[in-house]
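# A look at the structure
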Amino acid sequence: MEHLDIIIIGGGVIGLASAWECKKKYPHRTIALLEKEKRCGEAQSTRNSGVLHSGYPYRPGSKKALDCAHGNEAMRAFA
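Just so you know, these numbers come straight off a predicted model, no measurement behind them.

Overall, the coordinates contain zero disulfides when judged by the stated rule. In this structure C40 is a free cysteine whose sulfur lies 14 Å from that of C22, the closest cysteine sulfur available. The class for C40 is partly exposed, based on a relative accessible area of 40%.

Put into structure tokens, the structure is as follows:
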């Protein structure tokens, strides 16, 4: 068996994002992403509505509101 430095199980949104970040942080490491479906993103990730939440239901300035707003901005920049 080939030597692998990092193994990620699951090719959904989290698994793919994790693989991406690992490759950026450790460019010379070998990474394997294991997925049970025929293609990545075909399991639970397909159940996502695709809505980028603004954080408005949370108390202004709260950690939840700030995390939601930051995540929204990060996803827009990424996509």
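Within the fold, G71 resides in helix α2 (residues 63-78). Residues G71 and L52, 19 residues apart in the sequence, show an inter-C-alpha distance of 8.3 Å.

Its location among the elements puts H3 in the segment before β1 (6-9). In the structure, H3 is positioned 27 residues away from T30 in sequence and 7.7 Å away in space, judged by C-alpha atoms. A polar contact is formed between the side chain of H3 and the side chain of D5, at a distance of 2.8 Å.

Taken together, the side chains of W20, L52, M75 and F78 define a hydrophobic patch exposed on the protein surface, amounting to about 410 Å² of accessible area. For F78, the location among the structural elements is in helix α2.

This part takes up the pattern of salt bridges. Per the stated rule, a full pass over the model turns up two salt bridges. The salt bridge partner of E21 is K24, with a shortest N-O separation of 3.0 Å. Of the two residues, E21 and K24 are both situated in helix α1 (residues 13-25); the distance of three residues between them amounts to about one turn of the helix. Between D67 and K63 there is a salt bridge whose closest N-O contact spans 3.0 Å. Linking D67 with K63, this pair stays in helix α2, spanning four residues, or about one helical turn.

It is worth spelling out the confidence of the model for the protein at this point. Chain-level pLDDT for the protein is 86 on average; 92% of the residues reach the 70-or-more range. α2 is the least confidently modelled element of the protein, averaging 87 in pLDDT, while β1 averages 96, the highest of any element.

Procedures and definitions
- Residues numbered from 1 in each chain as written.
- Predicted model: local features only at pLDDT ≥ 70, side-chain atom pairs only at ≥ 80, totals over all residues.
- Heavy atoms only, no water.
- Disulfide = S-S within 2.5 Å.
- Buried < 20%, exposed > 50% of the residue type's maximum accessible area, 1.4 Å probe, protein only.
- Helix = DSSP H or I, 4+ residues; strand = E, 2+ residues; numbered from the N terminus.
- Polar contact = N/O pair within 3.5 Å; in protein donor to acceptor, adjacent residues only side chain to side chain.
- Patch = residues over 30% accessible without salt bridge, like charges linked within 9 Å, V, L, I, M, F, W, Y side chains within 5 Å.
- Areas by Shrake-Rupley, 256 points an atom, 1.4 Å probe, with all protein chains shown as cover.
- Salt bridge = Lys/Arg side-chain N within 4 Å of Asp/Glu carboxyl O.
- pLDDT = per-residue confidence, 0-100.

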